[in-house]
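Structural description and commentary
The primary structure of each chain is shown beneath.
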Amino acid sequence: MIFYIIHQVFTIYTFLIIGYILLSWVPAAQASPIGRFLATLCEPYLGFFRKFIPPIGMIDISPIVAIFALRFIQQGLMIVVSYIV
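First, a word on scope: everything that follows refers to the structure included in this document. Everything quoted here is computed from the prediction, not taken from an experiment. (Residues numbered from 1 in each chain as written. Predicted model: local features only at pLDDT ≥ 70, side-chain atom pairs only at ≥ 80, totals over all residues. Heavy atoms only, no water.)

Our next topic: the overall build of the protein chain. A tally of helices and strands in the protein chain yields 4 helices and 0 strands. Listed N to C, the secondary structure of the protein chain is α-α-α-α in terms of helices and strands. Each principal axis of the C-alpha distribution contributes one length, and for the protein chain these read about 45 × 30 × 15 Å. Taking all 85 residues of the protein chain together, 31% fall into the buried category. Long-range pairs, those at least 24 residues apart, make up 57% of the contacts in the protein chain with a sequence separation of at least 6. (Helix = DSSP H or I, 4+ residues; strand = E, 2+ residues; numbered from the N terminus. Buried < 20%, exposed > 50% of the residue type's maximum accessible area, 1.4 Å probe, protein only. Contact = heavy atoms within 4.5 Å.)

What follows is the structure in C-alpha cells.
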C-alpha cells in the first residue's frame, strides 16, 4: 500500500511538471490561474536544476534532467521503504 502511494505521488508530480513545461509554450497560459498554480508547485524544484544546467540555445533541458532525478529519487525512496517495512 505504501509503495502504491509513493508511486502515485511521484507520478502526479511528474505530470504536473510536464503540464508546466507544456504551458511554457503558450505565454498567455502561464499567466492563467492554472499556470500560476503549476508554477508555485513546480518552479522551486525546477529552479534548482536551472541553477546548474544552462539552456542550450533556446532549449531548456533542465526539466528533462529534473524528471530523471525525480525517478531516481522515487526508486531510492522505494528501496529505503522496503528495508523499513
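Time to look at the packing of helix α1 (residues 2-23) against helix α4 (residues 62-84). Interhelical geometry of α1 versus α4 gives an angle of 175° and a closest axis separation of 10 Å. The pairing of α1 with α4 is recorded here as roughly antiparallel in orientation. Contacts from Ile 2, Phe 3, Ile 6, His 7, Phe 10, Thr 11, Tyr 13, Thr 14, Ile 17, Ile 18 and Ile 21 of α1 reach α4 at Pro 63, Ile 67, Leu 70, Arg 71, Ile 73, Gln 74, Leu 77, Met 78, Val 81 and Ser 82. Its residues assigned to classes, the contact of α1 with α4 comprises 15 nonpolar, 5 polar and 1 charged. (Axes fitted to C-alpha atoms, helices over the stretch in contact; angles between N-to-C directions. Parallel < 35°, antiparallel > 145°, perpendicular 65-115°, else oblique. Nonpolar A, V, L, I, M, F, W, Y, C, P; charged D, E, K, R; others polar.)

Let's shift gears to the packing of α1 against helix α3 (residues 33-52). Closest axis-to-axis distance for the α1/α3 pair is 9 Å, and the angle between their directions is 100°. By the angle class used here, α1 and α3 are roughly perpendicular. Along the contact surface, α1 presents Tyr 13, Leu 16, Ile 17, Gly 19, Tyr 20 and Leu 23, while α3 presents Ile 34, Gly 35, Leu 38, Ala 39, Leu 41, Cys 42, Glu 43, Tyr 45, Leu 46 and Arg 50. Looking at side-chain class alone, the contact of α1 with α3 contains 12 nonpolar, 2 polar and 2 charged residues.

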